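# Coordinate inspection notes
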Amino acid sequence: MIMLRGANSKETVERVKAAIPGIRRSLPPGVTLDPYYDRTELVDRVLDTVQGALGQGALFVALILILLLGEIRTALVVVLAIPLTFALAFLLMGRRALTLNLMSVGGLTFAVGIVVDASIVVGENILRHLNLRREGAFRAATIAGAVREVGSPVFFSVLIIGTVMVPLLTLQGMEGKMFGPLAETMILAVISSIAVALVAVPVLADVLLRTRAQREPLVLRALRAGYRAVLGVVLRLRWVLLPVCLAVLAAVVWFARDVGTEFMPALDEGAIAINVVRLPNAALDGSVAVSTYIERRLRAFPEIRTVVSRTGRAEISEDPMGPEMTDVLIMLHPRDEWTSGHTREQLEEAIRRELDSIPGIRAAFSQPIALRVNELISGVKSDLAIKVFGPDLERLRETADRVAGAVRGVAGAVDVKVEQVSGLTQLDIELDRVAAARYGINVADVNELVATAVGGETATTLVEGERRTAVTVRFPEGARGDRAAIGRLLLEGAGGARVPLGSVASIGEVEGPALIGREAGMRRVNVEVNVRGRDLGGFVAEVRERLASVEAELPPGYFLAYGGQFENQERAMARLAIVVPISLGLIVVFLFLALRSVRDVLLVIAVLPFAVAGGAVVMVATGTNLSVSTAVAFILLFGIAVENAVVLVAFFRQLHNEGREAMDAVRTGCDLRLRPLLLTALTTLLGALPLAYATGPGAEIQRPVALVVLGGLASSLVVTLLVLPAAWAITTPRRKS
């Protein structure tokens, strides 16, 4: 079935399921209708994965709030902000017609820790002011003053996170469809969190918080004591910080220089799709027999639930395939039911070995949705296609064979195949015009005979109710089945003479082109290859190097181009090269509006390289490639990393403006803001943590985002708590006596 553009896949499939019982009742006896591939199974498994991570993240956030706040009432104020924020976010999502899917729920998972940041800062400051309230001071006035004190930096710091997501809405193609919902969901959640923090949290605090002073929890007292000691050492050695920090950044750049690149991490669909290709002259009966044989052999694997083959092109299809091509769809049992101990990669390798033993076929492995998406987007069913363009088909085939030979020697290359453009046996009928003229036969007579006898002509239309079926007539198989039979076909000459076709034409078998592919008005031949065990960007770079000599020898009018997933990767990275600077520019604008000081803005911006360094270290340690997912993570990280820095620097400036010296303002500000800084950082870390270790379907897309955010946020927290105070003290001039 083909779903209409813009439709919801789960709703569409559910409506199809509802219609199946009625269709079954109308089928003739002995005919059954059994679905073999249900896309909603993947949708449900993916949602289970991210919803589980969302629940775990919310639980972790609640626990860390209770642990560091040490008082259930204050923690309850902040915890209640989570459902209020999500309720408001869901209302806004409904207005925007956003659905719950892998990316939107993933955005909510990342937002679990972020949406409470504003509430934490506001709630903690209200608690501090209530504990310091003078005798006789109005409670409402104290709460209002606490909100005013942190309202501006909280508003701008949280708004920055939402704003840096806006450029992601400009992503195009598949990356835009995937990360657009994540960005939009996070923007709505952040907007909701600001409203809840500035409106609902003060009301909840007024109702729930006690007025008597609360003793800090033991964990926080220990952290505070250790932090004071370390900060004292850092402030004494503040003049050596700059060379040390630069050396650390240089070391990270050195170690991260070989990070691989790819378009997008592969989503485990729970199924395998194999594109099987035979010789171009393969008959349909033979293709069906081979497909049935493949199905029987593959069903022997215990991990496989069912196997279905589809040969050739459907009546309405966007995927042109001849009878020599078959898509083998393999539905797998859920991973927790596997008893063989195989991983998915090991299972694919075992299936590949099984198919390699079958002569006359070439197999390329993919997944059902990935196979179709690749076909629709780039016209190929593999990770990479090297396209050879030029005018002469034979020269193109020879060049494509050379390209394939070079690619097979590159590490990571599997399923290398050249598009079949020759090998199709054809009958060539060449008319002897002199002999035909002697019999009074013209070319049109010969063409009409061959078209009618061999190809068939539509004679009439059969009407059956609302169905219209064209009736085609042609000679029986015995009269057109081979070269001799075609030579005996009779033509009517002058005077009614019956002349065999073989008397006026030579009939022979020739090898003709099986396919003439065109793109952009030019002939082209594709060389397709899948990449396993290494990054796509590094693979393409090595392929380019190996094909440099082939390209240099091409005559004028011939050239190579690269497509497939690599084409998507180049387009996405080109767009991100524009999006990232725009996000940084928006951060600078909002920082200046919040801090009103160029020096303070530059200090906050200086935190970002260390956040990037932390994310890069985690990528190197875990073998994560640079992809659209990780690029989006870095953009998200920019907003998160400056949040704590803005709150801290704004408090330094406030204390300094009240008359304190720079060093005193730094020590006091760090001491008073330690708890909210730890809370905002740890809630974001723990909110994203479940996605970093999740293993279900869908985790492959979200895990790189979570890993980068975790690494970058950890490094930026260290820099914010230690390096930023020292840098602010260095750059702030001493007050005149």
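Look up a bit, the structure's there.
Right, let's walk through the structure included here. (Residues numbered from 1 in each chain as written. Predicted model: local features only at pLDDT ≥ 70, side-chain atom pairs only at ≥ 80, totals over all residues. Heavy atoms only, no water.)

All right, on to the overall build of the protein chain then. For the protein chain, the count of helices and strands is 25 helices and 15 strands. The globule rule puts the C-alpha radius of gyration for 737 residues at 27 Å, and the 34 Å found for the protein chain is more than 25% above it. Taken over the C-alpha atoms alone, the protein chain extends approximately 125 × 65 × 45 Å along its principal axes. Counting every position in the protein chain, which comprises 737 residues, the buried fraction comes to 50%. (Helix = DSSP H or I, 4+ residues; strand = E, 2+ residues; numbered from the N terminus. Rg over C-alpha atoms; globule rule 2.2 N^0.38 Å. Buried < 20%, exposed > 50% of the residue type's maximum accessible area, 1.4 Å probe, protein only.)

Moving on, we come to helix 11 (residues 344–356). Look at helix 11: 18 Å from first C-alpha to last across 13 residues, which is about the 18 Å you get at 1.5 Å a residue. Those residues of helix 11 not exposed but buried are Arg344, Leu347, Glu348, Ala350, Ile351, Arg352 and Leu355. (Expected span 1.5 Å × (residues − 1).)

Spatially, the 4 strands line up as an open sheet ordered 2-3-1-4, and their pairing is antiparallel. In this open sheet, the two strands that pair with only one neighbour each are strand 2 (304–311) and strand 4 (362–366). Adjacent strand axes in the sheet meet at a mean angle of 20 degrees, parallel and antiparallel pairs treated alike. Where strand 2 lies against strand 3 (residues 325–332), 7 bridges are found, and the strand directions are antiparallel. (Pairing = 2+ DSSP bridges. Axes fitted to C-alpha atoms, helices over the stretch in contact; angles between N-to-C directions.)

Here the focus is a nonpolar patch on the surface. There is a patch of nonpolar side chains on the surface, built from Val233, Leu237, Val240, Val244 and Val248 and spanning about 390 Å² of accessible area. Secondary-structure assignment places Val233 in helix 8 (residues 218–236). (Patch = residues over 30% accessible without salt bridge, like charges linked within 9 Å, V, L, I, M, F, W, Y side chains within 5 Å. Areas by Shrake-Rupley, 256 points an atom, 1.4 Å probe, with all protein chains shown as cover. Salt bridge = Lys/Arg side-chain N within 4 Å of Asp/Glu carboxyl O.)

Quick look at the pattern of salt bridges now. A full pass over the atoms with the stated rule returns 24 salt bridges. Salt-bridge contacts for Arg299 lead to Glu295; the nearest nitrogen and oxygen are separated by 3.9 Å. Here Glu295 falls in the buried class, since its relative accessible area comes to 14%. A salt bridge links Glu519 to Lys387; its shortest N-O distance comes to 3.1 Å. With a gap of 132 residues between them, Glu519 in strand 13 (residues 518–519) and Lys387 in strand 5 (residues 384–389) connect regions that are remote in the sequence. Glu519 sits in the partly exposed class, given a relative accessible area of 30%. Of the residues examined, Lys387 reaches a relative accessible area of 4% and is grouped as buried. If you follow the salt bridges from partner to partner, you end up with Lys387, Glu419, Glu519 and Arg524 in one network.

This part takes up empty space enclosed by the protein. Once rolled over the atoms, a probe with the size of a water molecule shows which space is left empty. Counted under the stated rule, the structure contains 1 cavity of 30 Å³ or more. Its volume calculated, the largest cavity comes out at about 30 Å³. Every residue lining the largest cavity is listed: Ile640, Ala641, Asn644, Leu713, Ser716, Leu717 and Thr720. The set of elements that each furnish at least two residues to the lining of the largest cavity consists of helix 23 (628–657) and helix 25 (699–731). Its residues assigned to classes, the lining of the largest cavity comprises 4 nonpolar, 3 polar and no charged. (1 Å grid on protein atoms, 1.4 Å probe; cavity = no way out; pocket = protein on both sides within 12 Å on 5 of 7 lines; lining within 4 Å. Points joined across faces, edges and corners; volume = space filled by probe spheres on them. Nonpolar A, V, L, I, M, F, W, Y, C, P; charged D, E, K, R; others polar.)

Moving on to the nonpolar core. Counting residues in hydrophobic clusters, the biggest one holds 144 residues, and the most contacted among them are Ile126, Met165 and Leu636. Residue contributions to this core peak at 19 residues, all from helix 23. With 30 residues, the next largest nonpolar core counts Val410, Val416, Val527 and Val531 among its residues. (Core = buried A, V, L, I, M, F, W, Y, C linked by side-chain atoms within 4.5 Å.)

The subject of this paragraph is the side chain of Thr12. Positionally, Thr12 belongs in helix 1 (residues 9–25). For Thr12, a relative accessible area of 18% puts it in the buried group.

Looking now at the state of the cysteines. Taken as a whole and judged by the stated rule, the model has 0 disulfides. Cys245 supplies the cysteine sulfur nearest to Cys670, a cysteine that is in no disulfide, at a spacing of 15 Å. (Disulfide = S-S within 2.5 Å.)

So far we have only geometry, and geometry alone does not tell us how the molecule works.
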